[in-house]
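# Analysis of the macromolecular model
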Amino acid sequence: MVKTILTYCLLVLLAAAVITGVVWANIEWSDARCVGVDINIENDEAGVFITRQGIEEDLAKRGISLEGMAINQVPYAAIEDTLLSLDYIETAQCYSAAQPVNTSAAIPTKDLGRVIIDVRQFAPVMRVFREDGTSYYVNKDGKRMEADVRFRKDVPVVTGTFTKGFPETSLLPLINYI
């Protein structure tokens, strides 16, 4: 009988400890402020279409400033949507170091309060020149990005008359083979 009572008391104490921990973590989380932004460019070697400074400038142009903002107020989805709307970004993910994507990863204390932005820049596989002299890049998925004089990537060049029946993306298997 005494053993059963001690077991129940221990379970109640453990439950109280867990509840206290959750409440304390929520209080700490609500007080946390963004102390910095880390921008990781996944395929930095694919070209020079984006830089960390360029991403910061694009976010600032759209009124997104994260420094000092409460971590639980950061518009993670809006940041991702903004970045994905840019031609030169293929994928984007935004999260806080306080809540990593890989929940089994340990979070270094120095990273708490930091917003992490992971992007994969546009990786062209060919450049298409139109009849009017303008051009654009195409990635492996057929996504287009208008060519810009500030950026250049050495890829196969394609010219010709493309239609809905014969789009430039029909050349992707050949380009991928090369």
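Please refer to the structure higher up on the page.
Now for a description of the structure that goes with this document. (Residues numbered from 1 in each chain as written. Predicted model: local features only at pLDDT ≥ 70, side-chain atom pairs only at ≥ 80, totals over all residues. Heavy atoms only, no water.)

## What to know about the pattern of salt bridges
If you walk through the whole model with that rule in mind, you get seven salt bridges. With its nearest N and O atoms 3.7 Å apart, the salt bridge here joins Glu 90 to Arg 120. Highlighted residues: Glu 90 in strand β2 (residues 89-96) and Arg 120 in strand β3 (residues 114-121), separated in sequence by 30 residues. For Arg 120, a relative accessible area of 25% gives the class partly exposed. Where Glu 146 meets Arg 130, a salt bridge forms, and the shortest distance between an N and an O atom there is 2.9 Å. With Glu 146 in strand β6 (residues 144-146) and Arg 130 in the loop between β4 (124-129) and β5 (135-139), this pair connects stretches of sequence that are 16 residues apart. One salt-bridge network, in which partners are shared between bridges, spans Glu 42, Glu 90 and Arg 120. (Salt bridge = Lys/Arg side-chain N within 4 Å of Asp/Glu carboxyl O. Helix = DSSP H or I, 4+ residues; strand = E, 2+ residues; numbered from the N terminus. Buried < 20%, exposed > 50% of the residue type's maximum accessible area, 1.4 Å probe, protein only.)

## Focus: the nonpolar core
Ranked by size, the top nonpolar core spans 20 residues in total, and within it Ile 79, Leu 83, Val 115, Ile 117 and Val 119 carry the most contacts. Of all elements in the fold, only β1 (36-41), α2 (52-61), α3 (76-84), β2 and β3 reach the threshold of two or more residues within this core. Excluding anything up to four places from it in sequence, Val 119 contacts Asn 40, Ile 41, Glu 42, Ile 50, Ile 55, Leu 83, Ile 89, Thr 91 and Ala 92. Met 126, Val 128, Val 158 and Leu 172 belong to the second largest nonpolar core, which has eight residues in total. (Core = buried A, V, L, I, M, F, W, Y, C linked by side-chain atoms within 4.5 Å. Contact = heavy atoms within 4.5 Å.)

## A short note on the pairing of β4
With five bridges connecting them, β4 and β5 associate as antiparallel partners. For Pro 124, the partnering residue across the bridge sits in β5 and is Asn 139. Both β4 and strand β7 (residues 157-159) contribute to a ladder of three bridges, which runs parallel. Residue pairing across strands places Val 128 opposite Val 158, the latter belonging to β7. (Pairing = 2+ DSSP bridges.)

## So, the sheet that holds β2
On the basis of which strands lie adjacent, the open sheet formed by three strands has the order β1-β3-β2 and mixed pairing. Both edges of this open sheet fall to β1 and β2, since each of them pairs with a single strand only. On average, adjacent strands in this sheet sit at an angle of 15° to one another, irrespective of strand direction. Taken together, the six bridges between β1 and β3 define a ladder with parallel strand orientation. Pairing of Asn 40 across the sheet is with Asp 118, part of β3. Relative to the sheet, α2 contacts β1 and β3, its axis offset from that of β1 by approximately 125°. Along the sheet face, α3 touches β2 and β3 and points at about 165° away from the line of β2. (Axes fitted to C-alpha atoms, helices over the stretch in contact; angles between N-to-C directions.)

## Points about the environment of Asp 58
With respect to the secondary-structure elements, Asp 58 resides in helix α2. On the basis of relative accessibility, which here comes to 10%, the residue Asp 58 falls in the buried class. Residues Asp 58 and Leu 86 lie 28 residues apart in sequence; the distance between their C-alpha atoms is 9.0 Å.

## What about the sheet that holds β5?
The four strands lie next to each other as β6-β5-β4-β7, forming an open sheet whose pairing is mixed. Either end of the sheet is taken by a strand with one partner, and the two such strands are β6 and β7. Neighbour-to-neighbour, the strand axes of this sheet turn through a mean angle of 30°, independent of strand direction. In this structure, β5 lies alongside β6, joined through three bridges in antiparallel fashion. By the bridge assignment, Tyr 136 is partnered in β6 with Glu 146.

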